[in-house]
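Take a look at the letters that make up each chain.
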Amino acid sequence: MTHEVNKKRSENSKVTLNNRSEVNLAAKYLNDKAITENQNLTNAIFSDALQQNNIVGNSEAFGRTFNAWSEILSSLIAENNLLNDLWRSIGIDIQLDETGNIHTIIIVNDNT
């Protein structure tokens, strides 16, 4: 997924994003809240995910749930805000729920 995001960014003359483990963990936190704890994701939960993983600066999250990988990939790659010049790092978490739906969270951040 990071490769596809960076490919789109390169095609649009944007710097590529660094995959950061703490941002991946924040994305996992969000997916866990949605899938395991059956919670609706809110700004407060997003803030908790960032704080618990010591992520500072500006961040934005994108999430998709589909039953086919190709739908998630095309939907997320079409997200134009992934091309924002502000972003320098990325974290991704992909999980299956018990019914087989694929949940994908991408977080972008302005710190490297």
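Owing to the predicted nature of the structure, the values given are computational and were not obtained by experimental measurement.

(A) View of the nonpolar core. Core analysis: the largest hydrophobic core is formed by 14 residues, its most contacted members being Val-5, Ile-90, Ile-106 and Val-108. Among the secondary structure elements, those contributing two or more residues to this core are helix H4 (69–77), strand E3 (89–96) and strand E4 (102–109). With residues near it in sequence (within four places) discarded, Ile-90 still touches Thr-2, Val-5, Leu-17, Asn-18, Asn-19, Arg-20, Val-23, Asn-24, Ile-106, Ile-107 and Val-108. Residues Val-23, Ala-26, Tyr-29 and Ile-105 belong to the second largest nonpolar core, which totals twelve residues.

(B) Seen up close, the packing of helix H2 (residues 21–35) against helix H3 (residues 43–52). Contact geometry of H2 with H3 gives a least axis separation of 8 Å together with a crossing angle of 140 degrees. Relative to H3, the element H2 is oriented oblique. Like other packed secondary-structure pairs, H2 and H3 cross with a definite hand, here right-handed. Facing Ala-26, Tyr-29, Leu-30 and Lys-33 of H2, the residues of H3 in contact are Ile-45, Phe-46, Asp-48, Ala-49 and Gln-52. Among the residues making up the contact of H2 with H3, the classes are represented as six nonpolar, one polar and two charged.

Reading the values: the criteria
Residues numbered from 1 in each chain as written. Predicted model: local features only at pLDDT ≥ 70, side-chain atom pairs only at ≥ 80, totals over all residues. Heavy atoms only, no water. Core = buried A, V, L, I, M, F, W, Y, C linked by side-chain atoms within 4.5 Å. Buried < 20%, exposed > 50% of the residue type's maximum accessible area, 1.4 Å probe, protein only. Helix = DSSP H or I, 4+ residues; strand = E, 2+ residues; numbered from the N terminus. Contact = heavy atoms within 4.5 Å. Axes fitted to C-alpha atoms, helices over the stretch in contact; angles between N-to-C directions. Parallel < 35°, antiparallel > 145°, perpendicular 65-115°, else oblique. Left-handed = near helix turned anticlockwise from the far one by under 90°. Nonpolar A, V, L, I, M, F, W, Y, C, P; charged D, E, K, R; others polar.

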